[in-house]
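Results of the structural survey
Here is what each chain is made of, one letter per residue.
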Amino acid sequence: MIKIFFWIVVLYLAFVATLYVMQWQMIYFPSKTVEDLPTIKDVSVVKTRAQDGIDLNGWYVAPKDEKPVFVFFHGNASSHSQSFFRMFTLIDEGYGFLSVGYRGYGGNRGRPSEDGFYKDSRAFINLLKSTGLAEDQIILYGQSIGTGPAIQMATEYPDIKAVILESPYTSLPDVAAQKYFFVPVHQLMKDKFDNLSKISKVSAPILFIHGESDRLIPISHSEELLAATKSRKKLIRLPNISHNNIPSAKLADDIVEFISHNQ
């Protein structure tokens, strides 16, 4: 029995060590493909540089009739083109669109990380501001892992117009703990994206969107974040919708209504 217990402990420690060493590969799934621009809606490539010298590419559509610009922080395995077509209905209505290009994604140099995501996000927001766009004409839209940088930027740019959070999480260790409940992931994970500790510092109105059948990030994460939010807020629950099939185009009216009612 002692030998069996010993080998169980050894195997467990080896498994935990593997998770620790491989955590970057288990968190980030960057697509390095440089995408062709669509031939519609006057999409252009914009370039900026993060404060640590990483050059970044993003996609941009200028707003019409002085409408706000959606700054889109896409999901883990997503891309500029997927972000663009998710936002197509709002772009078609004249809203501006800026897809944040993370390091390591879409041909950008560098390796993704929590701190890197924040540096990249600041670079694109500051790029918009350098054109004369006021903060209160910026709407932050975070999708899945992109809700982390969206919330962080909302704490750093307090005058933004609104925040849209699609399938947000309380923190990455909380998500990991659902699967690896027998591992001390809160102590092991370096990139935490601790949204729950930050959400109360956001002064802009926040719209939460979450599928009730989401098994990757259960809707309970949005419910916890909603309860901790001190600004104006709303949660859109989507019955029978999971993590990867949120009907973005059908939500355009709800998003516009939320923004217009919280000015």
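Here the structure is shown first, and the text comes after it.
Throughout what follows, the structure given in this document is the object of discussion.

Quick notes on the rules
- Residues numbered from 1 in each chain as written.
- Predicted model: local features only at pLDDT ≥ 70, side-chain atom pairs only at ≥ 80, totals over all residues.
- Heavy atoms only, no water.
- Phe/Tyr/Trp six-rings, centres within 6.5 Å; stacked < 30°, edge-to-face > 60°.
- Helix = DSSP H or I, 4+ residues; strand = E, 2+ residues; numbered from the N terminus.
- Buried < 20%, exposed > 50% of the residue type's maximum accessible area, 1.4 Å probe, protein only.
- Lys NZ or Arg CZ within 6 Å of the ring centre and 35° of its normal.
- Salt bridge = Lys/Arg side-chain N within 4 Å of Asp/Glu carboxyl O.
- Pairing = 2+ DSSP bridges.
- Axes fitted to C-alpha atoms, helices over the stretch in contact; angles between N-to-C directions.
- Contact = heavy atoms within 4.5 Å.
- Expected span 1.5 Å × (residues − 1).
- Arc of directions from axis to C-beta.

**Details of the packing of aromatic side chains**
- Using the criterion set out here, one finds 17 aromatic pairs in the structure.
- Arranged with centres 6.4 Å apart and planes meeting at 20 degrees, the rings of Phe-85 and Phe-88 form a pair that is stacked.
- Measuring from centroid to centroid gives 5.8 Å for Tyr-118 and Phe-193, while their planes differ by 80 degrees, and the two rings are edge-to-face. One end of the pair, Tyr-118, is in helix 5 (residues 114–130); the other, Phe-193, is in the loop between helix 8 (185–188) and helix 9 (195–198), and 75 residues separate them in sequence. Exposure class is identical for Tyr-118 and Phe-193. Each is buried.
- Following the ring pairs from residue to residue traces out a cluster consisting of Trp-24, Tyr-28, Tyr-102, Tyr-105, Phe-117, Tyr-118 and Phe-193.
- Sitting above the plane of the Trp-24 ring, Arg-111 keeps its charged end 4.2 Å from the centroid.

**Some words on the pattern of salt bridges**
- A complete count under the given rule lists eight salt bridges for this structure.
- Note that Arg-103 and Asp-52 form a salt bridge whose closest N and O atoms lie 2.7 Å from each other. Of the two residues, Arg-103 is situated in the loop between strand 4 (96–99) and helix 5 and Asp-52 in the loop between strand 1 (44–49) and strand 2 (55–61); the sequence distance between them amounts to 51 residues.
- On the basis of relative accessible area, Asp-52 is assigned to the partly exposed category, the value being 39%.
- Across the salt bridge formed by Lys-119 and Asp-115, the nearest N and O atoms sit 2.2 Å from each other. Pair noted here: Lys-119 and Asp-115 are both in helix 5, with a separation of four residues, about one helical turn.
- Residue classification places Asp-115 among the partly exposed positions, given a relative accessible area of 43%.
- By sharing partners, the salt bridges in this structure join Asp-52, Arg-103 and Asp-120 into a single network.

**Things to note about the sheet that holds strand 5 (residues 138–143)**
- Spatially, eight strands are ordered 1-2-4-3-5-6-7-8 in an open sheet, and the strand pairing comes out mixed. If you trace the sheet from one side to the other, it starts and ends with strand 1 and strand 8 (233–238), each paired once. Ignoring which end each strand starts from, the neighbouring axes of this sheet average 20 degrees apart.
- Direction of pairing for strand 6 (residues 162–166) relative to strand 7 (residues 206–211): parallel, over a ladder of four bridges. Pairing of Glu-166 across the sheet is with Ile-209, part of strand 7.
- Docked against the sheet, helix 6 (residues 147–156) engages strand 3 (69–73), strand 5 and strand 6, running at close to 150 degrees with respect to strand 5.

**Quick word on helix 5**
- With 17 residues, helix 5 ought to run about 24 Å at 1.5 Å a step, and its terminal C-alpha atoms sit 24 Å apart, in line with that.
- The buried count for helix 5 comes to twelve of 17 residues, which makes it a mostly enclosed element.
- All of the buried residues along helix 5 are Glu-114, Gly-116, Phe-117, Tyr-118, Lys-119, Asp-120, Ser-121, Arg-122, Ala-123, Phe-124, Ile-125 and Leu-128.
- Backbone geometry just after helix 5 places Gly-132 at a positive phi near 100 degrees.

**Details of helix 11 (residues 252–261)**
- For helix 11, every residue scored as buried is listed here: Ala-252, Ile-255, Val-256, Phe-258 and Ile-259. Here the buried residues of helix 11 occupy an arc of 160 degrees about the axis, which is enough to place them on one side. For helix 11, the exposed residues set more than 90 degrees away from the buried face come down to Asp-253 and His-261.
- The elements touched by buried residues of helix 11 are strand 3, helix 4 (88–92), strand 5, strand 6, strand 7 and strand 8.

**Notes on unusual backbone geometry**
- Although it is not a glycine, Phe-193 sits at a positive phi angle of roughly 45 degrees.
- We note that Asn-240 has phi near 60 degrees; this positive angle belongs to a residue other than glycine.
- Here Asn-240 is to be found in the loop between strand 8 and helix 11.

**Observations concerning the pairing of strand 1**
- Note: strand 1 against strand 2, six bridges, orientation antiparallel. When the sheet's bridge partners are listed, Thr-48 is paired in strand 2 with Leu-56.
- Joining the antiparallel neighbours strand 1 and strand 2 is a turn of five residues, in which Gly-53 adopts a positive phi near 95 degrees.

Keep in mind that these numbers describe shape and distance, not what the molecule does.
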